[in-house]
Amino acid sequence: MWKKCYMAALLSVVSAAAGAQTDSLALQEVVVTGTRNAVDVRYLPQTVTVIEREKLTERHDPSLLPTVMQQVPSLFVTGRSMLGYGVSGGAAGGINLRGISGGAGQLLVLIDGHPQYNGVYGHPISDSYQTMMAERVEVLRGPASVLYGSNAMGGVINIVTRTMHDDGVNTRIHVGGGSYGTLQSEVSNQVKSGRFSSTVAAQYNRSDNHRPRMGFEQYGGYVKLNEELGEHWNAYVDADVTHFNASVPGAVTSPLYDADQWITRGVVSAAVENHYRRTSGALSVYSNFGRHKIDDGTANASTPTQRYFRSKDALTGVSVYQSARLFDGNRVTLGMDYQHIYGNAYYTSKATGETLDTPNKQSGRSNRDEVAAYVDVRQDLLRWLTVDAGVRVDHHSVTGTEWVPQAGIVLRPLSSGEIKAMASKGFRNPTMREMYLYPPSNEELKPERLWNYELSWRQRVAAFSYGANLYYIKGDNMIQTQPVDGRPRNVNTGAVENYGVEVEAAYRLNDHWTFNTNHSLLHMEHKVVAAPTYKGFLGANFRCCRWSAVAGLQYVGGLYTAVGDDEQKENFLLLNAAVGYDASKHLNLWVRGDNLLAQKYEINLGYPMPRATIMAGVNVNF
């Protein structure tokens, strides 16, 4: 029944959109993720989705990932509770794009173009990506390894941080509370005075969540200081740190006790940028760091564990690039990256704090270096034809040298639409965990590799825009754990062969109503968990006088929660909504409801999601 209602609502939006006029939109999207310098998306062969801050904040969610998942076809983020993703066993926050998983480090998260790479495990820490830091989010679907190297084989999520553009001072306070003792709070201050601007933000979130022993508590802070050094130069420094404490109750069929986590993650960076009429570029340095303390828990409450798992990891990087327009219709980008990746993992005694023997082979191998150079050339051959080609040579101190090419073409048969074709290679170097940590480790591992082929069409007609993508992904050398001589061992034996279609549309009915929808179908020859066969979203926004409302209907079908002999799938329909009221110029009241249809479903096997939940709060702006 719900599926029929969903399709009926979708048809009504499409019918309304068909009546739009045929004037082309004057305002085009400008992105930085696909080429490092700001460029009109109509000239890029890659598929990039942009989510602006207004969209990121309309649901009043402290994490930006739920909104990104709704707005980007083929992107899915795993969940297990009302608040908090956690790490280690039973964790959520795995990011999957077109069947390529961020949980395995195959999807790269960037902050202002800097890789958020975990030195030991190599995957994103999803609780680090908070709405408070983001001006917008750009999601590039498909490999971006030419520009960003290892781990960008499935695509990238680039968080572009906040900067104030007009002189003045602005302070915002956001507070909310609701189901299961959940509290979310944030305060931010932005200043712009002449050439100087700053953004400072802090947050505190907590929840008991909907199951015993599933508490979550988080502290976070973000600072960015920016100085314009004349007409053409700009410099900034920023820092983002988050700490969370999380408890894991285990699957409902096999509960855990004392499974607790204490995690600190952060990044600091500094950059100098130049912007001239024919050339632009930047030099930046950045450092990612993490401290992790984990109690793996026990199935018996009366026999607590005797040790903590601990890890320390970091990455220090330097990035430099310069993009130049050598002649009309031309853009050449040259860049170099250097990364020093380091860290170690070990156990300590709960009773004494001493370091215990750890089953790893990291000694003397906890430092790795990666250096790369790349070039990307884009050329307008005709008014309606653009070609793009790039290559990266990437040398890793353990796995050796990798050549990474890509090529694409853009045809603009209409002033309002373009056809894009793209072929690109992606790769991922094995992590320290896969090579040195735990008994399955294997020092002989080679990089994972895949090729992505993509064809897309996008058009804008008056208040209506739409697009469609076809893609095919073929990869090998995927790292899997398999029995070798009777023992588990990490080996380059896996394969990936995915193909699918993505469609999306947006329609502005009038000054009060806007609608958007996106859908994706995915076929996987080799099935993986957390990659739905179908994902669809239908959203509506309303604004009039002092009122605003947003509602989203999301259907997920054929979501694998287990593969192999015990294959299991989930299908579910979620209705989420938020309503706001401007009580005064400085005060906004809001209420948000998630899973308002009270659906019973799981995303992580054995971790049922909460039924309907409610949050309400206030925003103060002065």
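The following refers to the structure shown. Note that the structure is a prediction, hence the values are computed from the model and not measured.

### As for the overall build of the chain
For step 1, the next point in the chain: Each helix and strand in the chain was counted, giving five helices and 37 strands.
For step 2, the next point in the chain: The C-alpha radius of gyration computed for the chain amounts to 24 Å, which stays within 12% of the reference 25 Å derived for 622 residues, consistent with globular compactness.
For step 3, the next point in the chain: In terms of its C-alpha atoms, the chain occupies a principal-axis envelope of roughly 70 × 55 × 55 Å.
For step 4, the next point in the chain: Counting the 622 residues in the chain, one finds 55% classified as buried.
For step 5, the next point in the chain: When contacts within the chain are restricted to residue pairs at least 6 apart in sequence, those whose partners lie at least 24 apart make up 63%.

### Description of the environment of I409
For step 1, the next point in the chain: As for its position among the elements, I409 is in strand β25 (residues 400–414).
For step 2, the next point in the chain: By relative accessible area, which is 30% here, I409 ends up partly exposed.
For step 3, the next point in the chain: Expressed as a C-alpha distance, the spacing of I409 and R136, which sit 273 residues apart in the sequence, is 26 Å.
For step 4, the next point in the chain: Excluding its chain neighbours within four sequence positions, the residues that come into contact with I409 are P45, L385, T386, V387, I419, K420 and A421.

### Overview of empty space enclosed by the protein
For step 1, the next point in the chain: All told, the structure shown has nine cavities of 30 Å³ or more when counted by the stated rule.
For step 2, the next point in the chain: Roughly 630 Å³ of volume is contained in the largest cavity.
For step 3, the next point in the chain: Around the largest cavity sit 38 residues that line it, and P66, S81, M82, D594 and M609 are the ones nearest its centre.
For step 4, the next point in the chain: Counting residues per element, the ones that place at least two in the lining of the largest cavity are α3 (65–71), β4 (75–77), β12 (182–193), β14 (216–228), β32 (547–562), β33 (568–582) and β34 (587–594).
For step 5, the next point in the chain: Residue contributions to the lining of the largest cavity peak at four residues, all from α3.
For step 6, the next point in the chain: When grouped by side-chain class, the residues that make up the lining of the largest cavity number 17 nonpolar, 15 polar and six charged.
For step 7, the next point in the chain: Taken together, the elements giving at least two residues each to the lining of the second largest cavity come down to β21 (330–349), β23 (367–382) and β24 (385–396).
For step 8, the next point in the chain: In terms of residue class, the lining of the second largest cavity is made up of ten nonpolar, eight polar and six charged.

### Comments concerning the pairing of strand β3 (residues 47–52)
For step 1, the next point in the chain: By the criterion of burial, β3 is predominantly enclosed, with five of the six residues buried.
For step 2, the next point in the chain: Pairing of β3 with strand β9 (residues 134–141), which is carried by six bridges, proceeds in the antiparallel orientation. Pairing of T49 across the sheet is with V139, part of β9.

### A look at the packing of aromatic side chains
For step 1, the next point in the chain: Within this structure, the stated rule accounts for 14 aromatic pairs.
For step 2, the next point in the chain: On the basis of an interplanar angle of 5° and a centroid distance of 5.9 Å, the ring pair of W513 and F515 is categorised as stacked.
For step 3, the next point in the chain: Connected via pairs of aromatic rings, a cluster forms that spans Y121, F309 and Y347.
For step 4, the next point in the chain: Its end group placed over the ring of Y471, R98 keeps NZ or CZ at 4.3 Å from the ring centre.
For step 5, the next point in the chain: Residue placement shows R307 over the ring face of Y347; its charged tip is 3.7 Å from the ring centre.

### Concerning a nonpolar patch on the surface
For step 1, the next point in the chain: On the surface, I173, V175, L183, V187, L587, L589, V618 and F622 cluster together into a nonpolar patch covering about 550 Å² of accessible area.
For step 2, the next point in the chain: Put simply, the parts of the chain that give the nonpolar patch at least two residues each are β11 (168–178), β12 and β34.
For step 3, the next point in the chain: Looking at the element boundaries, L589 is found in strand β34.

### Some details on the pattern of salt bridges
For step 1, the next point in the chain: This model, assessed by the stated rule, comprises 26 salt bridges.
For step 2, the next point in the chain: Put simply, R392 and D394 hold a salt bridge, and the shortest N to O gap is 3.1 Å.
For step 3, the next point in the chain: A relative accessible area of 3% places R392 in the buried class.
For step 4, the next point in the chain: We classify D394 as buried; its relative accessible area is 1%.

### Describing the side chain of R265
For step 1, the next point in the chain: Of note, R265 is situated in strand β18 (residues 260–275).
For step 2, the next point in the chain: Its relative accessible area of 7% is what places R265 among the buried residues.
For step 3, the next point in the chain: Within the structure, R265 has its side chain in polar contact with the side chain of D313 (distance 3.0 Å).
For step 4, the next point in the chain: Setting aside its immediate chain neighbours within four residues, R265 contacts Y117, N118, I125, S128, D240, V241, T242, F289, G290, H292 and D313.

Conventions and cut-offs
Residues numbered from 1 in each chain as written. Predicted model: local features only at pLDDT ≥ 70, side-chain atom pairs only at ≥ 80, totals over all residues. Heavy atoms only, no water. Helix = DSSP H or I, 4+ residues; strand = E, 2+ residues; numbered from the N terminus. Rg over C-alpha atoms; globule rule 2.2 N^0.38 Å. Buried < 20%, exposed > 50% of the residue type's maximum accessible area, 1.4 Å probe, protein only. Contact = heavy atoms within 4.5 Å. 1 Å grid on protein atoms, 1.4 Å probe; cavity = no way out; pocket = protein on both sides within 12 Å on 5 of 7 lines; lining within 4 Å. Points joined across faces, edges and corners; volume = space filled by probe spheres on them. Nonpolar A, V, L, I, M, F, W, Y, C, P; charged D, E, K, R; others polar. Pairing = 2+ DSSP bridges. Phe/Tyr/Trp six-rings, centres within 6.5 Å; stacked < 30°, edge-to-face > 60°. Lys NZ or Arg CZ within 6 Å of the ring centre and 35° of its normal. Patch = residues over 30% accessible without salt bridge, like charges linked within 9 Å, V, L, I, M, F, W, Y side chains within 5 Å. Areas by Shrake-Rupley, 256 points an atom, 1.4 Å probe, with all protein chains shown as cover. Salt bridge = Lys/Arg side-chain N within 4 Å of Asp/Glu carboxyl O. Polar contact = N/O pair within 3.5 Å; in protein donor to acceptor, adjacent residues only side chain to side chain.

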